[in-house]
Amino acid sequence: MDTVQIITKNETDRRTLKQIFSNIGKNVIFSHDLNDALDIFEKARPNAVFIVDEEEPPVNIKLREIQRIAPFIPIVVLLKKRNSSYAIEYMKLGAFDCAHAPWTEEQLRPIIKKSLNLSGTTIELEKPDFKKQKIVVFTAAAIVTILFGFIFGWFYAHNKCNVISADRQNRTELPYLHPSGIVFNKGQILISDWYTQAIYKHDPSNLKISGVHSFPHITPIALTSGEDNLWLANAEGVIEKRLKEDKFTLLSKTKNEAESLSGMCFDGLYFWTADSASNRLTKHLNNDTLDKLESFNYPGKTLSAITCDNRFIWIADDKLKELIKMPLDNPEKILSRKEIKEYSSKTLKITGMTKKDEQIWFVAEDKKKGLLFSTKHSKE
């Protein structure tokens, strides 16, 4: 049975976590604090470590000391409060993942499974005869590198450099689970996540997270770029106009009529919204109130996401499992259809898309993972 070490002295948290891990079938060893954890670390040989935050010493010190002893072991931080800024900071310091309270079996099960699948080899604390130990350490490290480097290389890079991993099929796993929109802006990729209520800023060259902005009072469900601004839709049916700057300063709000807004885009002149409930596309004036001009029946099956440029509209169709292309001047006519290979996963749900040069970029959820991938589109 896998052994998991949990560092917390809070009795209530201990009872909650013990019940969750027992239900999942994992053996748990509790430590009151860092010193206690380090004392029993060599004897217990845990497969993963879970740290509850808001306890002394701070999480950054615990991460540093545990990584010093076992640089390859997955460390998960259990946050007492939802705070995406802290989560990103801990992941930059080497945490494998973070989970926000209230912790549940459903929430922790995939994190536990993933962390145990990637668990590494612990290294003993240095003793007076450290020369021999260093030889053992370097030998073990070399063997681990040879055997697992290609498979787990992305994991180490992510932990140490905060670089998101992409596989050979141009499929990238994001460090957050529920992306809802994507845009390219001023040399950055911006991706909204509804669960953490934040916009994450990524460097396009390596997808490293360069910043995060939280929206504690709204749940962002769609994101697109306007002429000189960003448009952010929230779960309450309100579309917000915000500045393209670090704080995304609010400029205006307008209520949207869509029963189930699945996406929006700006074609350079007009603003478009997609309603998956009615399967209709609506064209609006590009003003603060997004005045409605025309509405069109979508000629495909199911609207999942939308993007556009000054000539065409593209739709990710969840039922057809295809990328559908229509002309702006006649959005009820299909010009082309292209299979989206990622739909081979029956659990894939595309939640946002955008166009960049000759590529269509998608964000999606699949098996409790946040994903980013792209495909080329036809020019005509």
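Enquirer: Where do I start with the packing of helix H1 (residues 11-24) against helix H5 (residues 105-117) in this structure?
Expert: Two measures define how a pair of helices packs: the angle their axes make with one another and the distance between the axes. Their axes nearest at 10 Å, the elements H1 and H5 cross at an angle of 60°. The orientation of H1 with respect to H5, classified from their angle, is oblique. The hand of the H1/H5 crossing is right-handed. When H1 is examined against H5, the residues Leu17, Ile20, Phe21, Asn23 and Ile24 are found in contact with a partner set consisting of Glu105, Leu108, Arg109 and Ile112. For the contact of H1 with H5, the residue count by class is 6 nonpolar, 1 polar and 2 charged.

Enquirer: Which parts of the structure should I look at to understand the state of the cysteines?
Expert: Here a disulfide denotes a covalent bond joining the sulfur atom of one cysteine to the sulfur atom of another. Taken as a whole and judged by the stated rule, the model has 1 disulfide. Each sulfur in the disulfide pair Cys265 and Cys308 lies 2.3 Å from the other. Since a negative S-S torsion denotes a left-handed disulfide, the Cys265-Cys308 link at about 120° is right-handed. Linking Cys265 in strand S15 (residues 261-266) with Cys308 in strand S19 (residues 303-308), this pair joins segments that are 43 residues apart in sequence. Of the residues examined, Cys265 reaches a relative accessible area of 2% and is grouped as buried.

Enquirer: Explanation requested: the side chain of Thr8 in the structure shown.
Expert: Relative to the elements of secondary structure, Thr8 occurs in the loop between strand S1 (3-7) and H1. Side chain to side chain, Thr8 and Glu55 meet in a polar contact 2.7 Å long. Look past the residues within four positions of Thr8 in its chain and what remains in contact with it is Asp13, Arg14, Phe30, Ser31, His32, Val52 and Glu55.

Enquirer: What should I look at first to understand the pattern of salt bridges in this one?
Expert: Charged atoms that come close allow side chains of opposite charge to pair. One pass over the full model with this rule turns up 12 salt bridges. Across the pair Glu173 and Lys114 runs a salt bridge whose closest N-O atoms are separated by 3.0 Å. In this pair, Glu173 sits in strand S6 (residues 171-174) while Lys114 sits in helix H5, placing the two residues 59 residues apart along the sequence. For Arg242, the salt bridge goes to Glu240, with nearest N and O atoms at 2.7 Å. Relative accessible area serves as the criterion here: at 2%, Glu240 is assigned to the buried category. By sharing partners, the salt bridges in this structure join Lys114, Glu173 and Lys369 into a single network.

Enquirer: Please clarify how the nonpolar core should be interpreted in this entry.
Expert: Most often, soluble globular proteins have nonpolar side chains that are buried together. In terms of nonpolar packing, the biggest core is built from 21 residues, with Ile51, Ile66 and Tyr90 touching the most fellow members. When sequence neighbours within four positions are dropped, the list of residues in contact with Ile66 reads Ile7, Leu34, Phe41, Val49, Ile51, Ile73 and Ile75.

Enquirer: Just checking my understanding: could you explain the pairing of strand S16 (residues 270-275) for this structure?
Expert: As a general feature of sheets, a regular strand has side chains that alternate between the two faces. Counted residue by residue, S16 has 5 buried out of 6 residues, so it is predominantly covered. By the bridge criterion, 5 bridges tie S15 to S16 in an arrangement that is antiparallel. If you follow Leu261 over to S16, its bridge partner there is Asp275. Between S15 and S16, which pair antiparallel and follow one another directly, the connecting turn spans 3 residues, one of which, Gly268, has a positive phi of 100°. Bridge count between S16 and strand S17 (residues 280-285): 6 bridges; the pairing is antiparallel. Bridging across to S17, Ala274 finds its partner in Leu281.

Enquirer: For this particular structure, what's the right way to read the packing of aromatic side chains?
Expert: When we look at a pair of aromatic rings, we describe it by the centre distance and by the angle of the planes. Inspection of the entire model under this criterion finds 10 aromatic pairs. When the ring of Trp231 is compared with that of Phe271, the centres are 5.0 Å apart and the planes differ by 55°; the resulting orientation is tilted. One end of the pair, Trp231, is in strand S12 (residues 229-234); the other, Phe271, is in strand S16, with 40 residues separating them in the sequence. Consider the rings of Phe312 and Trp314, whose centres lie 5.9 Å apart with planes at 65°: the pair is edge-to-face. Each member of the pair, Phe312 as well as Trp314, is classed as buried. Positioned over the ring face of Tyr270 is Lys283, at 4.6 Å from the centre of the ring. The cationic tip of Lys325 hangs over the ring face of Phe312; the distance from NZ or CZ to the ring centre is 4.0 Å.

Basis of the calculations
Each chain carries its own residue numbering, running from 1 in the written order of its sequence. For a predicted model such as this one, the threshold for reporting local features is a pLDDT of at least 70, and the threshold for listing and counting side-chain atom pairs is 80 or more; totals across whole chains, interfaces and linings nevertheless cover every residue. To get the side-chain values, all heavy atoms of the structure are used, and hydrogens and water are removed first. Comment: axis = line fitted to C-alpha atoms, over the contacting stretch for helices; angle = value between 0 and 180 degrees taken between N-to-C directions. Helical segments are the DSSP runs of H or I of at least four residues, strand segments are the runs of E of at least two, and each set is numbered from the N terminus. For this classification, under 35 degrees means roughly parallel, over 145 means roughly antiparallel, 65 to 115 means roughly perpendicular, and everything else is oblique. Two helices cross in a left-handed way if the nearer one is turned anticlockwise from the farther one by less than a right angle. They cross in a right-handed way if the turn is clockwise. Two residues qualify as a contact provided that any one of their heavy atoms is within 4.5 Å of a heavy atom in the partner residue. Under the convention adopted here, Pro, Cys and the residues Ala, Val, Leu, Ile, Met, Phe, Trp and Tyr are nonpolar, Asp, Glu, Lys and Arg are charged, and Gly plus all remaining residues are polar. Criterion for a disulfide: a pair of cysteine sulfur atoms at a distance within 2.5 Å. The buried label applies to any residue whose accessible area, calculated with a 1.4 Å probe on protein chains only, is under 20% of its type's maximum; exposed applies above 50%, and partly exposed to all values in between. Two N or O atoms form a polar contact when they lie within 3.5 Å of each other; inside protein one atom must be a possible hydrogen donor and the other a possible acceptor, and for residues adjacent in sequence the pair counts only when both atoms belong to side chains. Just to be clear on terms, a salt bridge is a Lys or Arg side-chain nitrogen sitting within 4 Å of an Asp or Glu carboxyl oxygen. Residues belong to a common nonpolar core when they are buried Ala, Val, Leu, Ile, Met, Phe, Trp, Tyr or Cys residues joined through side-chain atoms within 4.5 Å. The pairing criterion is simple: DSSP has to find at least two bridges between the two strands. Pairing of aromatic rings covers Phe, Tyr and the six-membered ring of Trp, with a centre-to-centre limit of 6.5 Å; geometry is then stacked below 30 degrees between planes, edge-to-face above 60, and tilted otherwise. We call a charge positioned over a ring when the NZ of a Lys or the CZ of an Arg lies within 6 Å of the ring centre and within 35 degrees of the ring normal.

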